[in-house]
Amino acid sequence: MTQRPLIIGGGPAGMAAAIELAEHGVASTLLDEASRLGGVLYRGPLRQGVELDYLGERYRDSMQALHGDFERVRGQVDVRLNTRVVGGEGGAQLYALNEHEQVESFAYQHLLLSAGCHERSVPFPGWTLPGVLMLGGLQLQIKSGVVKPLGRTVIAGTGPLLPLVACQLHRAGAELAGVYEACSFGRIAKETLALLNKPQLFLDGLSMLAYLKRHRVPMHYGMGVVAVQGQAELQRVSVAPYDADWQADLTRVSHVAAETLAVGYGFIPRTQLTQQMDLQHDYHADGYLKPLINPWQQSSQAHIHLAGDIGGLRGGEAAMLSGRIAALSMLRLRGTLGAADAEAKRQQLLGKLEAILRFRVGIDSFTQRGSAQLKLPAADTVICRCEHVTRGDIDTALAQGVQDMISLKMRTRVSMGDCQGKMCVGYCSDRLREHTGKDDIGWIRPRFPLDPLPFSAFAAPAAPHTAEV
């Protein structure tokens, strides 16, 4: 008897992989922490009448087609919703908190991790004030159809998500005080040729900018947030011009009255599980840890595959393609599909993927952070929210000779809280690389469990799950 392939993550990559496997007669088990499939696109309160209009017509149609394909094969997929993976053991078993809030073990021979990404945290004075949100978090409110931000809203950061969320907010009736893109307009314009590799996406972007201009929503380029002020909650946002290295010109600070600030400086792969499983990683040039992936979507352990945003931010369409390639690899390893047939199908998918990758080169170029942004926090600015570690604490540790992440953790307690460094490790690793001049400053392996567990999880454990074909 052969164990089913195990898929972690029910977004576009995980769903596409399950479809590909099913089309070749291979049943799979799919775990997702949400209450419905579709990934981050469907997060937020669910109720009757919530539509997918916020996706835009082209992407909405693509996602609806994916769901239609999945429904046709759902009988071959054991879908476990409301099931959150909390750790892994070696390369053969995962542990998840199931819908009954008990820990359940899942053994596997072939595993696909498509756990997605999370937002990059950028500390600055006042960033912990109520009213300061991550851009993705604000978008979740819009998707719910029942929540709107309080008062005047400022959007700041970089990337195509800024104008998208601005348009969504305006359509939802929110009051927008302005959008501040850290990259200069000239630098974005230089990437036009790369962006034209996906002309429809490029035109979608232009239409969003035209919408904002038509509705008099100010769009500022080469400017970013430097601080916020307020008593108990946000009252004012301070912005300033950024140079090419994102060094803020503090002699030209302007202030915007606002009750909500949405900050979006991009996303980074969710690698807590891949780190805990001791897969090999490299530091990406844009300042995050990235698991190694070969052309078949295999990790450093050949039976563990990675697809979607966990391997790099390329969007939903690319996630679907990478999920299908990972499925082809598993079919090849299982002997279900011959090597030649698998390679021929992979080449077809790669042809579609290459145009997306060329488009992403343009996006990645203008959204790449400038290192001067590290200077934004003041000495008393909290960097690690869980342990209340300030920039001053980190500065002291560096002055005392700390040279790596483990030593910084021991000296300051960064990453020892419930989030295990999701909020603070990015800033800390950037500071260490800047301070030491070294790319490799080590990394902090997340501990089990990856997320806090309820007391119910400590009841008699569920029997090991071994899905059979």
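It should be emphasised that the depicted structure is a prediction, and the values quoted were computed from it without experimental measurement.

About the criteria used
Residues numbered from 1 in each chain as written. Predicted model: local features only at pLDDT ≥ 70, side-chain atom pairs only at ≥ 80, totals over all residues. Heavy atoms only, no water. Salt bridge = Lys/Arg side-chain N within 4 Å of Asp/Glu carboxyl O. Helix = DSSP H or I, 4+ residues; strand = E, 2+ residues; numbered from the N terminus. Buried < 20%, exposed > 50% of the residue type's maximum accessible area, 1.4 Å probe, protein only. Core = buried A, V, L, I, M, F, W, Y, C linked by side-chain atoms within 4.5 Å. Contact = heavy atoms within 4.5 Å. Pairing = 2+ DSSP bridges. Axes fitted to C-alpha atoms, helices over the stretch in contact; angles between N-to-C directions. Expected span 1.5 Å × (residues − 1). Right-handed = clockwise from strand over helix to strand, strands pointing away. Phe/Tyr/Trp six-rings, centres within 6.5 Å; stacked < 30°, edge-to-face > 60°. Parallel < 35°, antiparallel > 145°, perpendicular 65-115°, else oblique. Left-handed = near helix turned anticlockwise from the far one by under 90°. Nonpolar A, V, L, I, M, F, W, Y, C, P; charged D, E, K, R; others polar.

Enquirer: Explanation requested: the pattern of salt bridges in the structure shown.
Expert: As a working rule, side chains carrying opposite charge can pair if their charged atoms are close by. According to the stated counting rule, one finds 16 salt bridges in the structure shown. A salt bridge links Arg-431 to Asp-395, with the shortest nitrogen-to-oxygen separation between them at 2.8 Å. Placement of the pair is Arg-431 in helix H13 (residues 425-436) and Asp-395 in helix H11 (residues 391-399), with a sequence separation of 36 residues. Residue classification places Asp-395 among the partly exposed positions, given a relative accessible area of 26%. Its salt-bridge partner being Asp-430, residue Arg-433 comes within 2.8 Å of it at the nearest N-O pair. Of this pair, Arg-433 and Asp-430 both sit in helix H13, 3 residues apart, which is roughly one turn of that helix. What makes Arg-433 buried here is its relative accessible area of 14%. Look at Asp-430 and you get buried, because its relative accessible area is 10%. Members of the salt-bridge network, linked through shared partners, are Arg-391, Asp-395, Arg-431 and Glu-434.

Enquirer: Hey, could you run me through the nonpolar core in this one?
Expert: The tendency in soluble globular proteins is for nonpolar side chains to be buried side by side. Ranked by size, the top nonpolar core spans 37 residues in total, and within it Ile-7, Leu-21, Leu-30, Leu-66, Phe-70 and Leu-112 carry the most contacts. Secondary structure elements with two or more residues in this core: helix H1 (12-23), helix H2 (57-73), strand S3 (77-80), helix H9 (316-334) and helix H10 (339-367). If sequence neighbours within four positions are ignored, Phe-70 has contacts with Met-15, Ala-18, Ile-19, Leu-30, Leu-37, Val-77 and Val-79. Core analysis: the second largest hydrophobic core is formed by 27 residues, Phe-124, Ala-156, Ala-177 and Val-239 among them.

Enquirer: Even after reading the chapter, I still don't get the sheet that holds strand S6 (residues 103-107), so can you show me in this structure?
Expert: Strand-to-strand pairing in sheets goes through backbone hydrogen bonds, with the strands running parallel or antiparallel. Taken in spatial order, the 3 strands of this open sheet run S4-S5-S6, and their pairing is antiparallel. Unpaired on one side and paired on the other, strand S4 (84-89) and S6 mark the two borders of the sheet. Geometrically, the sheet is characterised by an average inter-axis angle of 25° between neighbouring strands, direction not taken into account. Bridging between S4 and strand S5 (residues 93-97) involves 5 bridges; their strand directions are antiparallel. Looking at S5, one finds that Gly-88 is bridged to Leu-94.

Enquirer: Got a minute to help me understand H13 in this structure?
Expert: Each α-helix winds once per 3.6 residues, and so residues spaced three or four apart point in a common direction. For H13, which comprises 12 residues, the first-to-last C-alpha distance of 16 Å matches the rise-based estimate of 16 Å (1.5 Å per residue) to within 8%. Every buried residue belonging to H13 is among Tyr-427, Cys-428, Ser-429, Asp-430, Arg-431, Leu-432, Arg-433 and Thr-436, and all of these are buried. Buried residues belonging to H13 abut strand S18 (281-283), strand S21 (382-384), H11 and helix H12 (405-412). Immediately beyond the C-terminal end of H13, within one or two residues, lies Gly-437, with a positive phi of roughly 75°.

Enquirer: Looking at this structure, how should I read the pairing of strand S10 (residues 152-157)?
Expert: Here is the key point about a regular strand: its side chains alternate between the two faces of the sheet. Within S10, 5 of the 6 residues are buried, leaving the element largely enclosed by the surrounding structure. As judged from the 6 bridges shared by S10 and strand S11 (residues 175-181), these two strands associate in the parallel manner. Paired with Val-154 across the strands is Gly-178, a residue of S11. Each parallel crossover has a hand, and for S10 linked through helix H4 (residues 161-171) to S11 it is right-handed. Bridge count for S10 against strand S16 (residues 260-264) is 5 bridges, and the pairing is parallel. Looking across to S16, one finds that Val-154 is bridged to Leu-261.

Enquirer: Got a minute to help me understand the environment of Leu-206 in this structure?
Expert: Locating Leu-206 in the fold gives a position in helix H7 (residues 199-214). Of the residues examined, Leu-206 reaches a relative accessible area of 42% and is grouped as partly exposed. Between the alpha carbons of Leu-206 and Pro-163 there is a distance of 9.7 Å; along the sequence they are 43 residues apart.

Enquirer: Just checking my understanding: could you explain the environment of Gly-401 for this structure?
Expert: When you line up the elements, Gly-401 lands in the loop between H11 and H12. Taking relative accessible area as the criterion, Gly-401 reaches 42% and is therefore assigned partly exposed. Taking the C-alpha atoms as reference, Gly-401 lies 9.6 Å from Thr-436; in sequence the two are 35 residues apart.

Enquirer: Is there a simple way to explain H4 in this structure?
Expert: Along H4, 8 of the 11 residues are buried, which leaves the element largely enclosed by surrounding structure. By the burial criterion, the buried members of H4 are Leu-161, Leu-162, Pro-163, Val-165, Ala-166, Cys-167, Gln-168 and Leu-169. Immediately beyond the C-terminal end of H4, within one or two residues, lies Gly-173, with a positive phi of roughly 95°.

Enquirer: So what exactly am I meant to see when it comes to the packing of aromatic side chains here?
Expert: For any pair of aromatic rings, the description rests on two quantities: the centre-to-centre distance and the angle between the ring planes. Within the structure shown, the criterion is met by 4 aromatic pairs. Centre to centre, the rings of Tyr-95 and Phe-448 are 6.0 Å apart; their planes meet at 75°, and the pair counts as edge-to-face. Highlighted residues: Tyr-95 in strand S5 and Phe-448 in the segment after H13, separated in sequence by 353 residues. Ring centres of Trp-246 and Tyr-265 lie 5.6 Å apart, and the angle between their planes is 55°; this geometry places the pair in the tilted category. Note that Trp-246 is positioned in the loop between strand S14 (236-241) and strand S15 (254-257) and Tyr-265 in the loop between S16 and strand S17 (267-269), a separation of 19 residues in sequence.

Enquirer: Explanation requested: the sheet that holds strand S12 (residues 219-221) in the structure shown.
Expert: Judged by pairing direction, the sheet is parallel, and its 5 strands sit side by side in the order S9-S16-S10-S11-S12 without closing on themselves. Two strands bound the open sheet, and with one partner strand each, they are strand S9 (132-134) and S12. Adjacent strand axes in the sheet meet at a mean angle of 20°, parallel and antiparallel pairs treated alike.

Enquirer: So what exactly am I meant to see when it comes to the pairing of S16 here?
Expert: Most of S16 is tucked away, with 5 of its 5 residues classed as buried. Burial along S16 is two-sided: the residues Thr-260, Ala-262 and Gly-264 and Leu-261 and Val-263 are all buried.

Enquirer: Is there a simple way to explain the packing of H11 against H12 in this structure?
Expert: Two numbers describe a pair of packed helices, the interaxial angle and the distance between the axes. In contact at an axis separation of 10 Å, H11 and H12 are set at 120° when each is read in the N-to-C sense. One way to sum up the angle between H11 and H12 is to call them oblique. Read as a crossing pair, H11 and H12 show a hand that is right-handed. When H11 is examined against H12, the residues Asp-393, Ile-394 and Ala-397 are found in contact with a partner set consisting of Leu-408, Arg-411 and Thr-412. Residues belonging to the contact of H11 with H12 are distributed by class as follows: 3 nonpolar, 1 polar and 2 charged.

Note that every value here comes from positions in space, so none of it alone points to a role or purpose.
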